[in-house]
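# A structural walkthrough
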Amino acid sequence: MQTSLLSASNQPEGSPRTQLLGDLLVAQSAVSASDVQKALAFQKQFGGRIGSILVRLGALSEETLLPVLANQLAMPLLSGDEWPESPDAIRALLGTEGYSVDWWVDNGVVAWSRASGPIIAVARDPLDPLINEALGKHFGTNAWDWRLTRTQDLDRLLEMAGRGGAGDDSALDDDVGHLRELAEEAPVIELVNNILAQAMDQRASDIHIEPEEMVFHIRMRTDGILHTRMTLPASRYPAVASRVKLISGMDIAERRLPQDGRLTTRVSGQEVDVRASAVPALHGESIVLRLLPKERQDLSLERLGFSQRDLASFRLWAREPHGIVLVTGPTGSGKSTTLYATLEEMNQRDRKMITVEDPVEYEVTGVTQIQANAEIGYTFSRALRAILRQDPDVIMIGEIRDLETAEIAVQSALTGHLVLSTLHTNDAVSAFTRLVDMGVEPFLVATSVRAVQAQRLVRRLCTRCSEPAEVLAAVADLVGSLDESDGDPAWRRPVGCTHCQGTGYRGRLGIYELVDVSPELQELIISGATAEVMRQVATRQGGRTLREDGLLKARAGLTTVDEVIRVTGGAVADG
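Residue numbers restart at each chain and count upward from 1, following the sequence in its written direction. Whole-chain, interface and lining totals are the exception, using all residues; otherwise, since this is a predicted model, local features are given only for residues with pLDDT of at least 70 and side-chain atom pairs are given and counted only at 80 or more. Note: side-chain values were computed over all heavy atoms of the structure, leaving out hydrogens and water.

## Things to note about the overall build of the protein chain
Numbering of helices and strands runs from the N terminus; a helix is a DSSP stretch of H or I covering at least four residues, while a strand is a stretch of E covering at least two. Regarding its fold elements, the protein chain presents 23 helices and 18 strands. The principal-axis extents of the C-alpha atoms in the protein chain amount to approximately 90 × 60 × 45 Å. Pairs of residues are marked as contacts when any of their non-hydrogen atoms sit within 4.5 Å. Across the protein chain, every contact between residues at least 6 apart in sequence was considered, and the portion connecting residues at least 24 apart equals 66%. With residues, only the protein chains shown are counted as cover, and all accessible areas are computed by Shrake-Rupley using a 1.4 Å probe. Taken as a whole, the protein chain presents about 26100 Å² of accessible surface, with 48% of it coming from carbon and sulfur. If the 58 positive side-chain charges of the protein chain are averaged to one point and the 79 negative ones to another, these points end up 3 Å apart. Counted as positive: Lys and Arg. Counted as negative: Asp and Glu, with His and the chain ends omitted from the count. In this description, the location of a charge corresponds to atom NZ of lysine, CZ of arginine, CG of aspartate or CD of glutamate.

Pasting the structure below:
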């Protein structure tokens with residue numbers, strides 16, 4: 001690890017003593033005391049820096065560690081305006097006399113001069129006496145200022161200062177043994193762990209590792225939007241990809257076919273399940289990691305963004321003795337979270353609840369959760385037939401994907417079970433036509449489905465930096481005609497601050513469309529009415545569209561009109 005991972009306990013003799021890094025991190029609640037004890041035990045056996053060890057153990061990210069370390073060592077962080085103008089600025093300084101540029105790069109040291117002020121230097125270990133002695137001989141005593149910098153930034157600087165195109169690793173990249181060695185190197189382990197820790201700190205749901213010809217990008221999906229977090233040299237990609245594949249149980253040597261993997265690890269002090277997917281692309285494998293924290297604080301219906309009216313309706317559906325309750329929406333719209341929150345609320349130990357999922361995303365205490373596995377023939381339909389002999393009261397099906405699963409869900413609902421499941425449709429009433437298109441008889445759909453909820457996720461405005469805003473008259477008039485719009489409007493707009501990483505948004509909330517299957521709707525389903533006709537009936541019965549629910553939440557200052565339009569599509573006039 002780089003300069004960011006040093007400890008005061010490793011300072012050279014004669015340097016001023018400061019509070020130990022572990023104590024500082026515990027005092028700031030960055031890590032627990034038990035984390036520090038584990039790191040100390042590891043250090044005693046294998047050596048290394050405390051900060052580096054804590055990152056490797058998944059206790060914290062480098063971004064959390066750096067400010068604490070900078071304060072402890074009285075070494076400022078490298079700022080953007082101090083970055084060298086070109087590789088020549090580094091090579092010209094390092095290659096002046098004494099040591100070659102290669103020697104500096106091999107020892108993990110980069111230095112460059114500025115128009116005014118002392119030389120700036122960064123290194124893997126700025127407290128190393130050998131490095132300081134070499135700098136003293138090269139530049140003169142106290143002629144440089146140390147800076148702390150992130151791992152990926154130091155690697156970029158070393159790449160700038162490096163040997164150019166020398167070194168042909170293409171043959172080595174094909175050697176499985178070499179790839180495994182790369183994956184086991186400490187800097188690679190720390191980099192991958194730091195990427196995971198950064199993602200957790202930034203509340204990301206996915207990590208995308210995307211190779212290009214000269215570089216590869218690390219992008220993270222936060223609140224549904226992808227943000228580029230790192231850009232690293234392509235030469236480092238094989239090691240990173242191999243490390244990810246190794247820890248997730250993939251075949252390192254296989255790069256021609258898609259692969260899936262999974263691991264459970266500790267990241268930033270939390271237990272996390274990680275689902276990994278690798279797909280061959282033009283310049284290497286595109287790797288995506290889905291992060292699934294085992295402990296979720298938002299698994300309650302109150303925290304999902306329901307209005308009081310919709311929350312009451314949904315809770316009423318969850319108390320039904322039998323029937324199917326469907327949650328619909330595209331991938332990433334929060335359907336699974338809604339179902340898990342429903343299970344948590346229903347989990348009073350007075351009903352037998354069983355789930356069939358692929359994969360099981362979160363563990364719910366008191367609920368029997370079954371992992372389907374199509375590769376061995378343990379499909380959704382086969383698992384469902386088996387659990388009907390387990391005397392369940394409530395059955396959750398991860399997704400209704402085919403006719404066989406749909407028919408079993410219908411029969412379960414008709415024989416006295418409450419069935420919760422998801423379906424991929426654009427709105428609530430389209431669920432009825434979707435089931436019919438699958439091959440379920442219309443009268444069975446009408447009699448078994450109790451209610452349908454469609455949902456999307458919109459970004460929640462940052463509470464620290466949002467400010468009042470004006471909206472178009474057409475929007476204000478539309479929202480003013482809806483129910484639940486009492487009180488003064490509180491339209492707001494995003495600004496951006498450090499709390500929300502400059503986006504203006506932090507967190508997400510749901511917008512919902514709820515359709516209760518009334519006798520009139522049942523008749524329309526049986527008669528084969530179009531989705532548009534059923535939508536008109538649902539609206540006449542008091543239902544709100546996704547757009548309308550979203551605009552009501554924008555009126556309350558929870559999100560913005562632009563965000564609602566982005567998620568629901570179309571223009572305001574369409575709503």
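Here the narrative resumes, following the displayed structure.
## Re the UniProt feature "domain: Bacterial type II secretion system protein E" (unreviewed entry) in the protein chain
With numbering aligned to this structure, UniProt lists the feature "domain: Bacterial type II secretion system protein E" (unreviewed entry) at residues 388–402. Counted over residues 388–402, helix gives 0% and strand 27%. Its end C-alpha atoms are 18 Å apart. UniProt positions are given in the numbering used here, feature names are shortened, and annotations may be inferred rather than shown by experiment.

## Thoughts on the pairing of strand β2 (residues 119–123)
The rule is simple: take the accessible area with a 1.4 Å probe, protein chains only, and divide by the maximum for that residue type; under 20% is buried, over 50% is exposed, in between is partly exposed. Buried residues dominate β2, accounting for 5 of its 5 residues. Between any two strands, at least two bridges found by DSSP are needed for them to pair. One ladder, built from 4 bridges, connects strand β1 (residues 109–112) with β2; its direction is antiparallel. Bridging across to β2, V110 finds its partner in V122. Connecting β1 to the next strand, β2, in antiparallel fashion are 6 residues, including G117 with a positive phi near 90 degrees. Where β2 and strand β3 (residues 144–146) come together, 3 bridges link them in parallel fashion. Counted as the bridge partner of A121 is W146 from β3.

## Focus: the side chain of T405
Residue placement: T405 occurs in helix α16 (residues 403–414). The residues touching T405, leaving out its near neighbours within four places in the chain, are F380, S381, L384, I397, E399 and I400.

## Quick notes on the sheet that holds β3
Ordered by their spatial adjacency, 3 strands build an open sheet running β1-β2-β3, and the pairing between neighbours is mixed. Each edge of the open sheet carries a strand with a single partner, namely β1 and β3. Pairwise comparison of adjacent strand axes, ignoring direction, gives a mean angle of 25 degrees for this sheet. Fitting a line to C-alpha atoms yields each axis, with helices limited to the stretch in contact; the angle taken between N-to-C directions then spans 0 to 180 degrees.

## A few points about the pattern of salt bridges
The term salt bridge refers to a side-chain nitrogen of Lys or Arg lying within 4 Å of a carboxyl oxygen of Asp or Glu. Under the defined criterion, the tally for this structure stands at 32 salt bridges. Notably, a salt bridge pairs R147 with E82, separated by 3.0 Å at the nearest N-O pair. Placement of R147 in the loop between β3 and α8 (151–161) and of E82 in the loop between α4 (62–73) and α5 (87–94) is noted, with a sequence separation of 65 residues between them. Assigned by exposure class, R147 and E82 land together as buried. Taking the shortest distance from any N to any O, the salt bridge between R124 and D155 comes out at 3.9 Å. Taken as a pair, R124 in the loop between β2 and α7 (129–139) and D155 in helix α8 lie far apart in primary sequence, 31 residues in all. Relative accessible area serves as the criterion here: at 8%, D155 is assigned to the buried category. One salt-bridge network, in which partners are shared between bridges, spans R309, D310, R544, D549 and K553.

## A closer look at the packing of aromatic side chains
For Phe, Tyr and Trp, rings pair up if their centres lie within 6.5 Å, where Trp contributes its six-membered ring, and each pair is then called stacked (planes under 30 degrees apart), edge-to-face (over 60) or tilted (otherwise). On inspection of all chains with the given rule, the structure shows 6 aromatic pairs. Taking the centre distance of 4.1 Å and the plane angle of 10 degrees together, the rings of F306 and Y512 count as stacked. Of this pair, F306 sits in the loop between β9 (284–293) and α13 (308–318) while Y512 sits in strand β18 (residues 505–516); the two residues are 206 residues apart in sequence, bridging distant segments of the chain. Comparing F306 with Y512, the two get one shared label, buried. Each member of the aromatic cluster is reached from another via a ring pair, and the members are F306, F314, W317 and Y512. Whether a charge sits over a ring comes down to the Lys NZ or Arg CZ being within 6 Å of the ring centre and within 35 degrees of the ring normal. Above the face of the Y505 ring, R459 is positioned so that its terminal group lies 4.1 Å from the ring centre.

## Section: the pairing of strand β5 (residues 215–222)
Sheet topology note: the strand β4 (residues 204–211)/β5 ladder contains 7 bridges and is antiparallel. Bridged to P211 within β5 is F216. With antiparallel pairing between neighbouring strands as the criterion, β4 and β5 make up a hairpin whose turn holds 3 residues. Examined bridge by bridge, β5 and strand β6 (residues 225–233) share 8 bridges and lie antiparallel to one another. By the bridge assignment, F216 is partnered in β6 with L232. Counting the residues in the hairpin turn of β5 and β6 gives 2 residues, including D223, whose phi is positive at 55 degrees.

## Looking at the sheet that holds β18
Reading across from one edge, β12-β11-β13-β14-β10-β15-β18 is the order of the 7 strands in this open sheet, with mixed pairing throughout. At either end of the open sheet lies a strand with only one pairing partner, and these are β12 (368–371) and β18. On average, each strand axis in the sheet is inclined to that of its neighbour by 20 degrees, with strand direction left out of account. Relative to β12, strand β11 (residues 353–357) runs parallel, the two sharing 4 bridges. Counterpart to I354 in the pairing with β12 is T368.

## Description of the packing of helix α19 (residues 473–480) against helix α22 (residues 546–555)
Packing of α19 against α22 brings their axes to within 10 Å, and their N-to-C directions diverge by 105 degrees. Between α19 and α22, the angle is such that the two are roughly perpendicular. Judged by residue contacts, V475, L478 and V479 of α19 engage L551, L552 and R555 from α22. An angle below 35 degrees is treated as roughly parallel, one above 145 as roughly antiparallel, one from 65 to 115 as roughly perpendicular, and anything else as oblique.

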